[in-house]
Amino acid sequence: MDSYQDIRVLPDPEFQEPMLMAALFAKLHRALGARGKGDIGVSFPHHGKTPGGTIRLHGTHEALAALESMRWRAGLNDYCVASVLARVPADCVWRTVERVQVKSNAARLMRRSVRKGWLTEEEADRRVLEMKNQTTDLPFLQLKSLSTGQPFRLFFRHGDIQTERISGTFSSYGLSVTATVPWF
């Protein structure tokens, strides 16, 4: 993981930054899934309560060049600007960027469990009373499921700073619980 590329969404009077980031990330997700290699990670260098306006891609120069050759940003080039592929600074630290799945609606989850046959209605009613709805203040991207078409929030967390790199594979979202990306 020796290279990176920043992709920044541009201000637009018609579309808000979160909408553009979600569209950009959805295209990235499809491209990473099509590549199927798990060798490119992502981070959000300006994240806070929101992801910010920049996606940083991390990988080898060859992997990032191969992704770039797929022309995956087609249709969004007027709304974003990509840096050239650059070398990761030698004095960087490392961190994970992982997906966090928040189970925020106990009643919906129990209805699904009944529908799937995992629970009876009585068991589901009892569990709804026991469960507390989870909330989070993590940044997220509002995406649409490619398989069901349903909207969902992809929450993510930047892990603790580490001094050593941990190798591993990344999901088709470019996220990993264990593999680290350079942080600078």
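Above this note sits the structure.
Residues numbered from 1 in each chain as written. Predicted model: local features only at pLDDT ≥ 70, side-chain atom pairs only at ≥ 80, totals over all residues. Heavy atoms only, no water.

A. Quick look at the pattern of salt bridges. Tallied over the entire structure, the rule returns five salt bridges. Salt-bridge contacts for Arg56 lead to Asp6; the nearest nitrogen and oxygen are separated by 2.6 Å. Here the residue Arg56 occupies a position in strand E3 (residues 54-59), and Asp6 occupies one in strand E1 (residues 3-9), the gap between them amounting to 50 residues. One salt bridge in this structure joins Glu68 and Arg73, with 2.8 Å as the shortest N-O distance. Look at Arg73 and you get buried, because its relative accessible area is 10%. (Salt bridge = Lys/Arg side-chain N within 4 Å of Asp/Glu carboxyl O. Helix = DSSP H or I, 4+ residues; strand = E, 2+ residues; numbered from the N terminus. Buried < 20%, exposed > 50% of the residue type's maximum accessible area, 1.4 Å probe, protein only.)

B. Focus on the environment of Ala31. With respect to the helices and strands, Ala31 occurs in helix H1 (residues 17-35). Taking C-alpha positions, Ala31 is 6.1 Å from Trp72, a pair spaced 41 residues apart along the chain. Not counting residues up to four positions away in its chain, the partners in contact with Ala31 are Leu67, Met70 and Trp72. (Contact = heavy atoms within 4.5 Å.)

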